Structures are given as C-alpha cells and as structure tokens.
Amino acid sequence: MYGNDFTTPDARPRPTPDAGDEPATFRAIIGDDGRVEPRDEMPEGYRKTLVRQIAQHAHSEIIGMQPEGNWISRAPSLRRKAILMAKVQDEAGHGLYLYAAAETLGVDRADLLDALHEGRQKYSSIFNYPTLTWADVGAIGWLVDGAAIVNQVPLCRCSYGPYARAMVRVCKEESFHQRQGFEILHTLSHGSAAQKAMAQDAVNRYWWPSLMMFGPADSGADDSRGHTAQSMAWGIKRFSNDDLRQRFVDMTVPQSEALGLTLPDDAIAWNEERGHYDFSPVDFTELFEVIRGNGPCNAERMAHRVGAHEDGAWVREAAAAYAAKQQARREEGAA
Ligand SMILES: [Fe+2]
Ligand SMILES: [Fe+2]
C-alpha cells in the first residue's frame, strides 16, 4: 500500500478473472502500453484493483499527516515550522488528488472514507509508528518519503490515466519532502553529540519499517501470491516489490554515509558481482501484525481520524447547502 497493493496473507483479495474476460479494446491499450481512461471498457478485476490501491494510497496520505502534525507546535524554529506545515499540507493535497482519481472509477469518496473509518480499507502500516523526537520528522522525510518516491515514480507510467497523472505532481512534492528530511538529519548529525545520537536513534527505529513499505517478498514463504504479477501484467505496477526495495537500499546507503549516520544492519555491504548493496532479509511478521491493527499507534490514528471527520460534519453540510443554493439560483436564472 501507499502506492502498492498488498495485505496480510489471510486477507488476500479473491483471484481476478483471467485474460479471457478482458475486452479486446482494453487488451489493445495495455498491449500498446497506452493509457486506460475512465470512458474505456475495462475488466472488473482491473477496476477493483485500482479502486483498492488508489483508496489505500489516498488514506495513507491523509493518515500520514498525523505523525508529523504532532511536531508542528514543537518545531525547533519558525523556519522548520513553516516547512513542516507546508509538507503536512502537501500530504492533504495528495489525498485529495487521489480520492478524485478513485472517483473516476465510479466510487464515491464518502464511501471510501466510511470504509477507512470502519476498518474495511487500510492505510500504510508505516504511519502506525510514533514520532518520539524531532529527529523522527527528519527520518520520516528522508526514509518514508524516500521509499514513497521509489514506489511512486513508476506509477507516473501506470496504465490508468487519472492515477498516472496525479502521481506526476505528487512525486515532485515527495522529492521536496525527502530533501527536507535529509537536511534535518544532516543538521542534527553535525550538531552536538546529543543531537547526533537523537538522529541515529530515529534512523534505527524507522529503517526496518521503511523497508517493509515495499510489501512482502515476491517469492518464498512471504510471497504476494501472484498479486504483483497480475498488477504488472495490467501495467499498474512496473517493478516487483523486491526490485523496488533493492533500488531504495541502493539509493539510501550512500546518502547515510553523506549524513554520517549508520543503518541498523551489519549485513549491508556493496556486492560487486550483483552491482547492488546486500542487506539482511526483512522480517515481515511485524508488517502483518501492524496491518492487522496491532501496531503501536493504530488505535490512536483511527480515533483521531474519525474524530476529525465528525468534527468536520458541519463544514460538509454547509458546503452541500451552499452548492444546492447556487444550483437553484442557476436554474431560476435559466427559466
Ligand atoms: Fe504524499
Ligand atoms: Fe510526502
């Protein structure tokens, strides 16, 4: 999730229909590596997969505002506060583009929000970890937004037009988020011994959950059971979970050296033969537990989200009443 489509092994979606059910026009678009638009015929499995993935992605963007929003009032300077506010606001905007993209597939965002609030749809497990210190804001920007970029840049070429187009702007903004996180950590890492220790502690806590953001392995006991393969055949996904994870590690290790911080894995070493960094296998037990609702902050995040939605009911009612009034005036004018 968060630009990917996976869940726990016991909650895998039903298998999607085979290629025999695909309309010829759809097969032609996918075959030409073209874009499927809302008006085009598409198989029900493709539509459902996209609704699930885009909704999970949208939910992740808006829930992702909470861990960092927690530090807006305590940012160490006015400059840091202004940057963090802009970043958190960007995430709200990402949620809005994505709900709008999902609506082109014939769903209503009010229903998607109900599904989130009732636990029928998920959001990225990464946002169920707490932000204990200011350095966590840096680690989230550097590692979490960094992982999001690796996952989401290929989505700019996703076969579904509205999703692909939304991703272009999202990725540009994510790149700013990643740099602000890197800069926070760089400042701390070159500050006092206590500041450097705080930065290192944040990286130690966020490293493994960031690697889990790419989802289970594509083969072996944790494999995503053909889920990745189907999404790749439809041009929704362009690379496997493991390839994206490797790309993230290859990008991040040299950056950690530039920061003067270490990554909490002794197995990390350049492998000349593979042309990639080696790293230890990820333990997905924790990922599945967090997705099942047993992460450190799941209950807190959901309670806050549902509370914010209920507090905003009067705004939605007022906006709907205003729209109805404007509509009635237009009709009066036309009569
Ligand atoms: Fe975002
Ligand atoms: Fe971001």
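See the structure shown above.
Caption draft 1: Highlighting the coordination of the iron ion (ligand 2). Coordination of the iron ion (ligand 2) by the protein involves Glu91 (OE), Asp145 (OD), Glu174 (OE) and His177 (ND1), with metal-donor separations of 2.0 to 2.2 Å. In this structure, the iron ion (ligand 2) is coordinated by four donor atoms arranged in irregular fashion, with angles at the metal of 87 to 155°. Motif for the iron ion (ligand 2), donor spacing along one chain: E-x53-D-x28-E-x2-H. Separating the iron ion (ligand 2) from the iron ion (ligand 1) is a distance of 3.4 Å, and glutamate 91 supplies a donor atom to each of them. Taken together, the residues span a long stretch of sequence, with glutamate 91 in helix α4 (residues 78-103) and histidine 177 in helix α7 (residues 161-189) at a distance of 86 residues. The pair glutamate 91 / histidine 177 is uniform in exposure class, with both members buried.

Caption draft 2: Quick look at the packing of helix α8 (residues 193-212) against helix α10 (residues 241-259). Where α8 contacts α10, the axes come no closer than 10 Å and their chain directions differ by 145°. Along the contact surface, α8 presents Trp207, Ser210 and Leu211, while α10 presents Arg245, Phe248, Val249 and Thr252.

Caption draft 3: Summary view of the side chain of lysine 87. Structurally, the position occupied by lysine 87 is in helix α4. We classify lysine 87 as buried; its relative accessible area is 1%.

Caption draft 4: Expanded view of the packing of aromatic side chains. Using the criterion set out here, one finds six aromatic pairs in the structure. Pairing phenylalanine 26 with tyrosine 46 gives two aromatic rings, centres 4.8 Å apart and planes at 70°, and the pair type is edge-to-face. Separated by 20 residues along the polypeptide, phenylalanine 26 in helix α1 (residues 24-31) and tyrosine 46 in helix α2 (residues 44-63) bring together distant segments of the chain. Each member of the pair, phenylalanine 26 as well as tyrosine 46, is classed as buried. Three or more aromatic residues joined by ring pairs form one cluster here, namely Phe26, Tyr46 and Trp234. The ring of tryptophan 71 carries arginine 74 above its face, with NZ or CZ at 4.0 Å from the centroid.

Caption draft 5: Region of interest: helix α12 (residues 298-311). Helix length check: α12 (14 residues) gives 20 Å between terminal C-alpha atoms against 20 Å at 1.5 Å per residue, within 8%. When α12 is considered as a whole, its buried residues turn out to be Asn298, Arg301, Met302, Arg305 and His309. The buried side chains of α12 occupy one side of the element, clustering within an arc of 95° when seen end-on. In α12, the exposed residues that point more than 90 degrees away from the buried face are Ala299, Ala303, His304, Glu310 and Asp311. Looking at the packing, one finds that the buried side of α12 touches α2, α3 (65-69), α5 (109-117), α11 (284-294) and α13 (313-334).

Caption draft 6: Broad picture of the coordination of the iron ion (ligand 1). Distances from the iron ion (ligand 1) to its protein donors, Glu61 (OE), Glu91 (OE), His94 (ND1) and Glu174 (OE), fall within 2.0 to 2.2 Å. Given four donor atoms and angles of 86 to 141° at the metal, the environment of the iron ion (ligand 1) is assigned as irregular. Within one chain, the residues donating to the iron ion (ligand 1) are spaced in sequence as E-x29-E-x2-H-x79-E.

Caption draft 7: Highlighting the environment of alanine 55. Checked against the element boundaries, alanine 55 lands in helix α2. On the basis of relative accessibility, which here comes to 0%, the residue alanine 55 falls in the buried class. Along the chain, alanine 55 and alanine 92 lie 37 residues apart, while their C-alpha atoms are 14 Å from each other. Leave out the neighbours within four places in its chain, and alanine 55 touches Leu50, Leu112 and Gln121.

The rules we used
Residues numbered from 1 in each chain as written. Chains lettered and ligands numbered in written order. Predicted model: local features only at pLDDT ≥ 70, side-chain atom pairs only at ≥ 80, totals over all residues. Heavy atoms only, no water. Donors = N, O, S within 2.8 Å, 3.2 Å for Na, K, Ca; no water. Tetrahedral: all angles 85-135°; square planar, octahedral: opposite > 155°, others 65-115°. Helix = DSSP H or I, 4+ residues; strand = E, 2+ residues; numbered from the N terminus. Buried < 20%, exposed > 50% of the residue type's maximum accessible area, 1.4 Å probe, protein only. Axes fitted to C-alpha atoms, helices over the stretch in contact; angles between N-to-C directions. Contact = heavy atoms within 4.5 Å. Phe/Tyr/Trp six-rings, centres within 6.5 Å; stacked < 30°, edge-to-face > 60°. Lys NZ or Arg CZ within 6 Å of the ring centre and 35° of its normal. Expected span 1.5 Å × (residues − 1). Arc of directions from axis to C-beta.

Coordinates in, geometry out; function isn't part of it.
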